[in-house]
Amino acid sequence: MIAFELMETASSGAAHALSTLASTPLAEPAPKGIDTNSVVTFFASKIAPILLAVLGVIFIGRASRGEISKVLTSSAIAIVGLAFIAGAATLFFVGDYLIDLIFE
(Lines give C-alpha, C1' and ligand atoms only; values in the text may rest on other atoms or scores of the structure.)
Protein backbone atom coordinates (compact mmCIF):
# COMPACT_ATOMS: atom_id res chain seq x y z
CA MET A 1 0.00 0.00 0.00
CA ILE A 2 2.79 2.43 0.90
CA ALA A 3 4.64 1.60 -2.31
CA PHE A 4 1.48 2.27 -4.31
CA GLU A 5 0.97 5.71 -2.69
CA LEU A 6 4.65 6.51 -3.16
CA MET A 7 4.35 5.58 -6.84
CA GLU A 8 1.29 7.85 -7.28
CA THR A 9 3.03 10.79 -5.60
CA ALA A 10 6.14 10.34 -7.71
CA SER A 11 4.19 10.07 -10.96
CA SER A 12 2.06 13.14 -10.20
CA GLY A 13 5.22 15.11 -9.28
CA ALA A 14 6.92 14.00 -12.49
CA ALA A 15 3.85 14.94 -14.54
CA HIS A 16 3.77 18.37 -12.89
CA ALA A 17 7.50 18.89 -13.59
CA LEU A 18 7.13 17.82 -17.22
CA SER A 19 4.14 20.12 -17.78
CA THR A 20 6.12 23.01 -16.28
CA LEU A 21 9.09 22.27 -18.54
CA ALA A 22 6.84 21.97 -21.58
CA SER A 23 5.30 25.40 -20.97
CA THR A 24 8.62 27.24 -20.63
CA PRO A 25 10.52 28.13 -23.80
CA LEU A 26 13.80 26.29 -24.20
CA ALA A 27 15.68 29.05 -25.98
CA GLU A 28 15.41 32.76 -25.47
CA PRO A 29 14.66 34.89 -28.52
CA ALA A 30 17.64 36.33 -30.31
CA PRO A 31 18.74 39.66 -28.84
CA LYS A 32 18.18 42.75 -30.92
CA GLY A 33 21.23 44.71 -31.98
CA ILE A 34 22.17 48.13 -30.71
CA ASP A 35 21.10 50.99 -32.95
CA THR A 36 24.53 52.56 -33.34
CA ASN A 37 23.29 55.31 -35.63
CA SER A 38 21.03 56.63 -32.88
CA VAL A 39 23.83 56.40 -30.33
CA VAL A 40 26.22 58.38 -32.54
CA THR A 41 23.51 60.95 -33.30
CA PHE A 42 22.79 61.31 -29.59
CA PHE A 43 26.46 61.89 -28.74
CA ALA A 44 26.92 64.32 -31.63
CA SER A 45 23.80 66.33 -30.82
CA LYS A 46 23.75 66.25 -27.01
CA ILE A 47 27.13 65.37 -25.49
CA ALA A 48 29.61 67.06 -27.86
CA PRO A 49 28.10 70.57 -27.52
CA ILE A 50 28.15 70.26 -23.72
CA LEU A 51 31.81 69.21 -23.75
CA LEU A 52 32.70 72.06 -26.09
CA ALA A 53 30.86 74.51 -23.82
CA VAL A 54 32.80 73.22 -20.81
CA LEU A 55 36.06 73.67 -22.73
CA GLY A 56 35.00 77.20 -23.64
CA VAL A 57 34.29 78.07 -20.01
CA ILE A 58 37.67 76.67 -18.96
CA PHE A 59 39.44 78.66 -21.67
CA ILE A 60 37.62 81.87 -20.74
CA GLY A 61 38.47 81.32 -17.06
CA ARG A 62 42.15 80.85 -17.85
CA ALA A 63 42.21 83.85 -20.18
CA SER A 64 40.68 86.07 -17.51
CA ARG A 65 43.52 85.11 -15.12
CA GLY A 66 46.11 86.11 -17.69
CA GLU A 67 47.16 82.63 -18.76
CA ILE A 68 46.88 83.37 -22.46
CA SER A 69 49.70 81.01 -23.46
CA LYS A 70 47.98 78.08 -21.70
CA VAL A 71 44.70 78.99 -23.38
CA LEU A 72 46.33 79.07 -26.80
CA THR A 73 48.09 75.76 -26.16
CA SER A 74 44.90 74.11 -24.91
CA SER A 75 42.93 75.55 -27.82
CA ALA A 76 45.46 74.20 -30.30
CA ILE A 77 45.38 70.78 -28.66
CA ALA A 78 41.55 70.80 -28.77
CA ILE A 79 41.53 71.79 -32.45
CA VAL A 80 44.06 69.07 -33.32
CA GLY A 81 41.97 66.54 -31.38
CA LEU A 82 38.84 67.55 -33.27
CA ALA A 83 40.76 67.26 -36.53
CA PHE A 84 41.81 63.71 -35.61
CA ILE A 85 38.21 62.81 -34.75
CA ALA A 86 36.99 64.27 -38.05
CA GLY A 87 39.74 62.41 -39.90
CA ALA A 88 38.78 59.13 -38.25
CA ALA A 89 35.13 59.66 -39.19
CA THR A 90 36.18 60.46 -42.75
CA LEU A 91 38.31 57.32 -42.94
CA PHE A 92 35.38 55.30 -41.62
CA PHE A 93 33.15 56.53 -44.44
CA VAL A 94 35.89 56.15 -47.06
CA GLY A 95 36.55 52.59 -45.88
CA ASP A 96 32.83 51.80 -45.99
CA TYR A 97 32.69 53.19 -49.55
CA LEU A 98 35.71 51.10 -50.60
CA ILE A 99 34.23 47.93 -49.10
CA ASP A 100 30.95 48.54 -50.91
CA LEU A 101 32.86 49.21 -54.13
CA ILE A 102 34.96 46.04 -53.88
CA PHE A 103 32.30 43.57 -52.73
CA GLU A 104 29.42 44.62 -54.97
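Each value, and the rule that gives it
- Residue positions are counted from 1 within each chain, in the order its sequence is given.
- Thresholds applied to this predicted model are a pLDDT of at least 70 for local features of residues and 80 or more for the giving and counting of side-chain atom pairs; totals over whole chains, interfaces and linings are not thresholded and use all residues.
- Only heavy atoms go into the side-chain values, all of them from the structure, while hydrogens and water stay out.
- Only runs of H or I of at least four residues qualify as helices and only runs of E of at least two qualify as strands under DSSP, and these elements are numbered from the N terminus.
- A helix's residues, less one, multiplied by 1.5 Å, set its expected span.
- Consider a residue and the seven residues that end there alongside the seven that start there; fitting an axis to each set, the bend is the angle between those axes.
- Each residue is placed in one exposure class: buried if its accessible area under a 1.4 Å probe, protein chains only, is under 20% of its type's maximum, exposed if it is over 50%, and partly exposed if it falls in between.
- It only takes one pair of heavy atoms within 4.5 Å for two residues to be counted as in contact.
- For Phe, Tyr and Trp, where Trp contributes only its six-membered ring, two rings pair if their centres lie within 6.5 Å, and the inter-plane angle classes them as stacked under 30 degrees, edge-to-face over 60, or tilted in between.
- Here an angle of 0 to 180 degrees is reported between the N-to-C directions of two axes, which are lines fitted to C-alpha atoms, with helices fitted over the stretch in contact.
- Comment on the angle field: the value is read as roughly parallel under 35 degrees, roughly antiparallel over 145, roughly perpendicular from 65 to 115, and oblique elsewhere.
- When the near helix sits turned anticlockwise from the far one by under a right angle, the crossing is termed left-handed; a clockwise turn instead gives a right-handed crossing.
- Following the grouping adopted for this structure description, the nonpolar residues are Ala, Val, Leu, Ile, Met, Phe, Trp, Tyr, Cys and Pro, the charged ones are Asp, Glu, Lys and Arg, and the polar ones are all others, Gly among them.
- Patch members must show over 30% relative accessible area and no salt bridge, and they are joined within 9 Å when carrying like charges or within 5 Å when they are nonpolar side chains of Val, Leu, Ile, Met, Phe, Trp or Tyr.
- Areas reported here follow the Shrake-Rupley algorithm with a probe of radius 1.4 Å; residue values treat only the protein chains shown as occluding.
- One side-chain nitrogen of Lys or Arg within 4 Å of one carboxyl oxygen of Asp or Glu is enough to make a salt bridge.

Visitor: Explain helix α2 (residues 36–64) to me, please; I cannot follow it from the model alone.
Guide: Along an α-helix, residues three or four apart share an orientation, since each turn contains 3.6 residues. Taking 1.5 Å per residue, 29 residues should reach 42 Å; α2 reaches 40 Å between its end C-alpha atoms and fits that length. Of all the bends in α2, the greatest, near 35°, is centred on isoleucine 47, and the proline proline 49 appears no more than four residues after it.

Visitor: What is the right way to read helix α3 (residues 68–103) from this model?
Guide: Here α3 spans 52 Å end to end across 36 residues, near enough to the 52 Å set by a 1.5 Å rise per residue. Residues of α3 that are buried include every one of Val71, Ser74 and Ser75, and no others. On its buried face, α3 sits against α2.

Visitor: Please explain the packing of aromatic side chains as it appears in this structure.
Guide: Given two aromatic rings, one states the distance between the centres and the angle between the planes to describe the pair. Considering all chains together, one arrives at one aromatic pair under this definition. The interplanar angle of 70° and the centroid separation of 5.9 Å between the aromatic rings of phenylalanine 42 and phenylalanine 43 together place this pair among those described as edge-to-face.

Visitor: Would you explain the side chain of serine 74 in this entry?
Guide: Note that serine 74 resides in helix α3. Exposure remark for serine 74: the relative accessible area of 19% places this residue in the buried category. If we skip the residues at most four places from it in the chain, serine 74 touches Phe59 and Arg62.

Visitor: Which parts of the structure should I look at to understand the packing of α2 against α3?
Guide: Packed helix pairs are specified by the crossing angle of their axes together with the interaxial distance, meaning the distance between the axes. Running from amino to carboxyl end, α2 crosses α3 at an angle of 160°, the nearest separation of the two axes being 8 Å. One element, α2, and the other, α3, form an angle in the roughly antiparallel class. For the element pair α2 and α3, the recorded crossing hand is left-handed. Seen from α2, the contacting residues are Leu52, Leu55, Phe59, Arg62 and Ala63; seen from α3, they are Ile68, Lys70, Val71, Ser74, Ser75, Ala78 and Leu82. Class assignment for the residues of the contact of α2 with α3 results in eight nonpolar, two polar and two charged.

Visitor: I'm lost on a nonpolar patch on the surface in this one. Help?
Guide: There is a patch of nonpolar side chains on the surface, built from Ile50, Leu52, Val54, Leu55, Ile58, Leu82 and Ile85 and spanning about 620 Å² of accessible area. The biggest single contributor to the nonpolar patch is α2, with five residues. Mapping leucine 52 onto the fold places it in helix α2. Overall, leucine 52 belongs to the partly exposed group, its relative accessible area being 46%.

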